[in-house]
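Topology and contacts: notes
Spelled out, the chains give:
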Amino acid sequence: MSAPSVNAPSQRMPRWVFAPLALFLGMVAFLAVGLTRNPQEIPSPLIGRPAPAFQLPVVGGPGVFNAAQFKGQVTLVNLWATWCAGCKDEHPILMALSLQPGLQMLGINYKELQASELSGQDPQSAEALQKATARSQAWLQKNGQPFGVNLLDMDGRVGMDFGVYGLPETYLVDRAGVVRFKHAGALTPEVVQHQLLPLLRSLP
Amino acid sequence: MTRAVMAWVLASVGLWGSCVGAQVPGSAAHGGVAMPQVQAALPNAGAAVVAHPDAPMSVAVKARWDHIAAELRCLVCQNESLASSNAELAVDLRREVRSLIEQGQSDADIRSFLVSRYGDFVLYKPEVKPVTWLLWFGPFALLLGALAVAWRWMRRTPAAPEPLTDTERERVRQLLES
């Protein structure tokens, strides 16, 4: 076996025989990265575009909020509901953010009464509005009120304009009324530290 | 890695829960996203204020509906079409699409209504544009590349074996004669 002639053929093994292995390893790496990504994170087409125009009733208060009121202030828009588990998880973070100077906190209570509760009833009826208002206020009283303004989106039509597909969702709207950031799912300290706060500091 | 797989499995189970309308305990907390569960809405003659999206359609509306709805993807249950999903958002979007059809909007209008809100993700067949070129043409580019490589390998003339050295020649002679 020590004769050099025995080993000679293996030295002539062309390099391309390793190509399938390299290709396979590349594919494994590609799929491994894909597996760690969250399929719920769908890029929002709203980023860089003006926030949708809307008008919604203010919970417990007289009057409506008009999207034109976004102008001139940086606003954090949080879509939530009392039936949403993730909303409770992220609530302490919203409470902390509400102490952030120069940030307007806007809550949109999205479809507080679900289809199963309405059973065909008009979500905009006075009775439904009253029930949703009571529930929204009681929840915020218990868990803390981070919102400067809290609105009721009874039929989910405004949520649809924001492109909501799950709760909670959070948007950052700049002074010019342009959407700069979206997060689907509960806010985490990491998202706030690494994405939201740096963006907030960079906004004029 | 294991944690990522676990999280992915839990998120999938949570999603599945909200899609089939089953209550999976804690699914919303794991998946981080919750949608209201939908229940079979009974036709309520007394309070029929909200048109039920699954109420019978006129023939003309039905034809257009069939044409467009299967191309639209449900955002909540990502492997279901908008037409077949039971997620509450899908019900809302069906109602919206139906009212757009009834208002006489074109398929392109309806598609752009959804894409401007939810992105290309809602379309099973995203439009061909620079951002989606890789998606549309990537597989064909890969196939062409593979064919080109295979073609080169097949046409490659096998390299002539290196001539034997004198010692090797001597060893061959010895082996043959022994």
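Provided above is the structure to which this section pertains.
First, a word on scope: everything that follows refers to the structure included in this document. (Residues numbered from 1 in each chain as written. Chains lettered and ligands numbered in written order. Predicted model: local features only at pLDDT ≥ 70, side-chain atom pairs only at ≥ 80, totals over all residues. Heavy atoms only, no water.)

1. Some words on the overall build of chain A
The cut-off we apply is this: Strands are runs of DSSP state E lasting at least 2 residues, helices are runs of H or I lasting at least 4, and numbering of each runs from the N terminus. Each residue is placed in one exposure class: buried if its accessible area under a 1.4 Å probe, protein chains only, is under 20% of its type's maximum, exposed if it is over 50%, and partly exposed if it falls in between. By definition in these notes, contact holds between two residues if any of their heavy atoms fall within 4.5 Å.
Secondary structure summary: chain A contains seven helices and seven strands in total. When the helices and strands of chain A are placed in sequence order, the string is α-α-β-β-β-α-β-α-α-β-α-β-β-α. Residue burial in chain A is summarised as follows: out of 204 residues, 46% are buried. Restricting to contacts in chain A with at least 6 residues of sequence separation, those with at least 24 account for 72%.

2. Focus: the overall build of chain B
Counting secondary structure elements, chain B contains seven helices and zero strands. Going from the N terminus to the C terminus, chain B shows its helices and strands as α-α-α-α-α-α-α. Looking at chain B as a whole, 31% of its 178 residues are labelled buried. In chain B, 50% of the contacts between residues at least 6 apart in sequence involve partners at least 24 apart.

3. Concerning the state of the cysteines
Residue and element names in this part refer to chain A. For clarity, the cut-off: Throughout, a disulfide means two cysteine sulfur atoms within 2.5 Å of one another.
As enumerated under the stated definition, the model contains one disulfide over all chains in all. At a sulfur-sulfur separation of 2.2 Å, the disulfide partner of cysteine 84 is cysteine 87. The disulfide joining cysteine 84 to cysteine 87 has a torsion of about 95° about its S-S bond and is therefore right-handed. Look at cysteine 84 and you get buried, because its relative accessible area is 2%.

4. Focus on the environment of asparagine 109 of chain A
All names here are of chain A. Selection criterion: Whenever a nitrogen or oxygen atom comes within 3.5 Å of another N or O atom, the pair is scored as a polar contact, on the condition that within protein one atom can donate a hydrogen and the other can accept it, and that pairs from neighbouring residues in sequence are kept only if both atoms are in side chains.
By secondary structure assignment, the location of asparagine 109 is in strand S4 (residues 103–110). Between the C-alpha atom of asparagine 109 and that of serine 136, which follows or precedes it by 27 residues, the distance is 7.4 Å. Apart from the residues within four sequence positions on either side, asparagine 109 is in contact with Trp80, Ala81, Ser136, Asn150, Leu151, Leu152 and Asp153. A polar contact is formed between the side chain of asparagine 109 and the side chain of serine 136, at a distance of 2.7 Å.

5. A few points about the packing of helix H3 (residues 59–69) of chain B against helix H4 (residues 88–102) of chain B
Residues and elements named next belong to chain B. Heads up, the condition is: Fitted lines through C-alpha atoms give the axes, limited to the stretch in contact for helices. The angle between two N-to-C directions lies from 0 to 180 degrees. With respect to orientation, any angle under 35 degrees is reported as roughly parallel, any angle over 145 as roughly antiparallel, any angle of 65 to 115 as roughly perpendicular, and every other angle as oblique. Definitions for this section: a left-handed crossing has its near helix turned counterclockwise from the far helix by less than a right angle. A right-handed crossing has that turn clockwise. Under the convention adopted here, Pro, Cys and the residues Ala, Val, Leu, Ile, Met, Phe, Trp and Tyr are nonpolar, Asp, Glu, Lys and Arg are charged, and Gly plus all remaining residues are polar.
The contact between H3 and H4 brings their axes to 10 Å, and the two run at 130°. The orientation of H3 relative to H4 falls into the category oblique. Helix-helix and strand crossings are classified by hand; for H3 and H4 the assignment is right-handed. Residue-level inspection shows Val61, Arg64, Trp65 and Ile68 of H3 in contact with H4, the latter providing Arg94, Val97, Arg98, Ile101 and Glu102. Residues of the contact of H3 with H4, tallied by class, amount to five nonpolar, no polar and four charged.

6. Quick notes on the sheet that holds strand S6 (residues 169–173) of chain A
Remark on secondary structure: sheet strands pair via backbone hydrogen bonds, oriented parallel or antiparallel. Residue and element names in this part refer to chain A. Threshold: In short, DSSP must find at least two bridges between two strands for them to pair.
The strand order S5-S4-S3-S6-S7 describes an open sheet built from five strands, whose pairing is mixed. Two strands lie at the open edges of the sheet, namely strand S5 (149–153) and strand S7 (179–184), each paired on one side alone. If you compare each strand with its neighbour and ignore which way they point, the axes differ by 20° on average. The sheet contact formed by strand S3 (residues 74–80) and S4 spans seven bridges and is parallel. Paired with valine 77 across the strands is leucine 106, a residue of S4. In the packing of helix H3 (residues 85–97) onto the sheet, contacts are made with S3, S4 and S6, and the angle to S3 comes to roughly 160°.

7. Topic: the packing of H4 of chain B against helix H5 (residues 107–118) of chain B
When two helices pack together, their arrangement is given by the angle between the helix axes and by the axis-to-axis distance. Residue and element names in this part refer to chain B. Close contact between H4 and H5 brings their axes to 10 Å; oriented N to C, the two are set at 145°. The handedness of the crossing between H4 and H5 comes out as right-handed. Contact residues: Leu89, Leu93, Glu96, Val97, Leu100 and Ile101 in H4; Ile110, Phe113, Leu114 and Tyr118 in H5. Among the residues making up the contact of H4 with H5, the classes are represented as nine nonpolar, no polar and one charged.

8. Looking at the pairing of S5 of chain A
Residues and elements named next belong to chain A. When you tally the buried positions in S5, you get four out of five residues, the bulk of the element. As paired strands, S4 and S5 are joined by five bridges and run parallel to one another. Counted as the bridge partner of glycine 107 is asparagine 150 from S5.

9. Structural notes on the packing of aromatic side chains
Aromatic ring pairs are reported here in terms of the distance separating the ring centres and the angle at which the planes meet. The condition is simple: Two rings belonging to Phe, Tyr or Trp (six-membered ring only in the last case) form a pair when the distance between their centres is within 6.5 Å. Interplanar angles under 30 degrees mark stacking, angles over 60 mark edge-to-face geometry, and anything in between is tilted. Placement of a charge over a ring requires the Lys NZ or Arg CZ to be within 6 Å of the ring centre, with the centre-to-atom vector within 35 degrees of the ring normal.
Evaluated as defined, the whole model comprises five aromatic pairs over all chains. By the ring-pair criterion, three or more aromatic residues cluster together here, those being Phe54, Phe65, Phe162 and Tyr171 of chain A. Positioned above the aromatic ring of phenylalanine 121 of chain B is the side chain of arginine 73 of chain B, whose terminal nitrogen or guanidinium carbon lies 3.9 Å from the ring centre. Here the guanidinium or amino end of arginine 117 of chain B rests over the ring plane of phenylalanine 113 of chain B, the centre of that ring lying 3.8 Å away.

10. Notes on the pattern of salt bridges
Residue and element names in this part refer to chain B. To be explicit about the condition: By definition, a salt bridge exists where a carboxyl oxygen of Asp or Glu is found within 4 Å of a side-chain nitrogen of Lys or Arg.
Within this structure, the stated rule accounts for 17 salt bridges over all chains. The partner of aspartate 66 in a salt bridge is lysine 62, with the nearest N and O atoms 2.9 Å apart. Taken as a pair, aspartate 66 and lysine 62 lie in helix H3 at a separation of four residues, close to a single helical turn. Accessibility expressed as a relative area gives 38% for lysine 62, which makes it partly exposed.

11. Describing the nonpolar core
Residue and element names in this part refer to chain A. Stated precisely, the cut-off is as follows: In these notes, a set of buried Ala, Val, Leu, Ile, Met, Phe, Trp, Tyr and Cys residues joined through side-chain atoms within 4.5 Å is what counts as a nonpolar core.
Counting 73 residues, the largest nonpolar core has Phe54 and Leu172 as its most contacted members. Discounting chain neighbours no more than four positions away, the residues touching phenylalanine 54 are Phe65, Asn66, Ala67, Phe70, Leu106, Ile108, Leu151, Val158 and Phe162. Core analysis: the next-biggest nonpolar cluster, separate from the first, contains seven residues, Val59, Leu113, Ala128 and Leu152 among them.

From the geometry alone we can't say anything about function, so treat these as descriptive.
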